[in-house]
Amino acid sequence: MQEKDLITYIKGESNPEEKKLIFEWIRKDEEHQRRYNVLKAKFVASNLNTAEVKDMDAVYKNFSIKKKRKRKLLYRTLAAAIILPILSWQFYTSSFNDSLTLDDTQFSEYKIKNVTTSHGGYKTVVLPDGSSITLNAESSLSYPEKFTDTSREVTLEGEAFFDIQRDVTKPFIVHTKHLKVRVLGTSFNVKSYAKDDKIETTLVTGKVEVIQEETKRPIILTPSQRATFNKEKNGIEIDKVDSKRIVAWKQGKLIFDKTSLKQVVLDLNRKYNVDFIIESDSLLHYKYTGEFDNLSLEEVLKLLKISSSINYKYENNKVMLNSE
């Protein structure tokens, strides 16, 4: 997005279509949000100088007209020098307190709602079109209070199961950090945690397009297919899976199939809010297969020990893992 287009938007001079495009660009990426906030802060600061000087002219008229012009200008300059940095800094820091700062009066029809879950938490959201989304632990979903006439777009950080109402006139698009998932109406699962090495999209019913942001090349999935984006390799692999096992987390289950121990402990941390430390280097390459069906943390650790060559020590809300 070019800076002149953002400035036009900040000045309130964009047309409705330009507003929509800029809004979606800002919402799409945290870096875009930071760029917008910084630019708006600079713009406001650059205009405060003139505004403050004009406002202060009225104040100075209350002073004696006998004051020398040079002294009056000095006061005005000093006051502006004090006020401008304070106002600019307040605006700049307040902008970063929110992941996205937009004027609700400008974009009331696109007002964004944010839903989050904590460790071990689940939450189901019903969207304006009747679609439902179930969020897994430590996840966040952003979506507009009202969809546009041409598309239905949401942003996901974490994991969620989507059950989308079919609408051929409005494709449903899920934005993640590296991938975009596009559907007309179907059910699927997206796992996109920032700490994970991979992003997974698993189709349950219907059809989806998975689009890598860098290549823009769509990949079509059929039911029980999974598209896995490897962040390090910057590529996508497709495989066949049991989709019921992938979405078993909705029933409180954790199912692992030759899953790296690093990924296993990340999932356990999200569910039980306990830090896991892998102390043995050999375990970094260990792949675990097992199922935890609504177990307590103590039961999980005991089963982990019984079903593998892993030993553990639990203290101070931390679990240290070693090979036996």
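The following refers to the structure shown. Predicted, not measured: the structure shown is a model, and the values here were computed from it.

What counts, and where the lines are drawn
Residues numbered from 1 in each chain as written. Predicted model: local features only at pLDDT ≥ 70, side-chain atom pairs only at ≥ 80, totals over all residues. Heavy atoms only, no water. Helix = DSSP H or I, 4+ residues; strand = E, 2+ residues; numbered from the N terminus. Buried < 20%, exposed > 50% of the residue type's maximum accessible area, 1.4 Å probe, protein only. Contact = heavy atoms within 4.5 Å. Areas by Shrake-Rupley, 256 points an atom, 1.4 Å probe, with all protein chains shown as cover. Core = buried A, V, L, I, M, F, W, Y, C linked by side-chain atoms within 4.5 Å. Pairing = 2+ DSSP bridges. Polar contact = N/O pair within 3.5 Å; in protein donor to acceptor, adjacent residues only side chain to side chain. Salt bridge = Lys/Arg side-chain N within 4 Å of Asp/Glu carboxyl O.

Turning our eyes to something else, we now look at the overall build of the protein. What the protein contains, in helices and strands, is 7 helices and 18 strands. For the protein, with 324 residues in total, the buried portion stands at 42%. Long-range contacts, defined as pairs at least 24 residues apart, comprise 51% of the intrachain contacts of the protein with a sequence gap of at least 6. Accessible surface, the protein as shown: approximately 18,200 Å² in total, 50% of it carbon and sulfur.

A word on the nonpolar core. One recurring pattern in soluble globular proteins is that nonpolar side chains are buried together. Residues Val-154, Phe-162, Phe-172 and Phe-188 are the most contacted members of the largest nonpolar core, which totals 28 residues. Ranked by residues supplied to this core, first place goes to strand S5 (residues 152-163) with 4 residues. Excluding residues that lie within four positions of it along the chain, Val-154 makes contacts with Arg-27, Leu-127, Leu-141, Ser-142, Tyr-143, Phe-147, Phe-162, Phe-172, Ile-173, Val-174 and His-175. By size, the runner-up hydrophobic cluster in this structure holds 19 residues, among which are Val-274, Leu-283, Tyr-288 and Phe-292.

With that out of the way, let us pick up the pairing of strand S16 (residues 287-293). Residues Tyr-288, Gly-290 and Phe-292 of S16 are buried on one face, while the alternating residues Lys-287, Thr-289, Glu-291 and Asp-293, pointing to the opposite face, are not. For strand S14 (residues 253-260) and S16, the ladder comprises 6 bridges, and the chain directions are antiparallel. Within S16, the position partnered with Thr-259 by the bridge is Tyr-288.

Attention now goes to unusual backbone geometry. Although it is not a glycine, Glu-138 adopts a positive phi angle of roughly 50°. Within the element layout of this structure, Glu-138 appears in the loop between strand S3 (132-135) and strand S4 (140-144). Assessed through its relative accessible area of 32%, Glu-138 is described here as partly exposed. Positive phi, close to 55°, is recorded for Asn-294, a residue that is not glycine.

A separate point is the side chain of Ser-151. For Ser-151, the location among the structural elements is in the loop between S4 and S5. Residue Ser-151 is classed as buried on the basis of its relative accessible area, which comes to 9%. For Ser-151, the side chain forms a polar contact with the side chain of Glu-153, separated by 3.1 Å. For Ser-151, the contacting residues outside a window of four places in its chain are Glu-24, Lys-170 and Pro-171.

This part covers the pattern of salt bridges. Applying the stated criterion across every chain, the model contains 10 salt bridges. A salt bridge links Arg-270 to Asp-196, with the shortest nitrogen-to-oxygen separation between them at 2.5 Å. With Arg-270 in helix H6 (residues 261-272) and Asp-196 in the loop between strand S8 (187-192) and strand S9 (198-205), this residue pair connects regions lying 74 residues apart in the sequence. Here Arg-270 falls in the buried class, since its relative accessible area comes to 5%. Taking the relative accessible area as the measure of exposure, Asp-196 reaches 3% and is therefore buried. Three or more residues joined by partner-sharing salt bridges are found here, namely Lys-191, Asp-196, Asp-267 and Arg-270.

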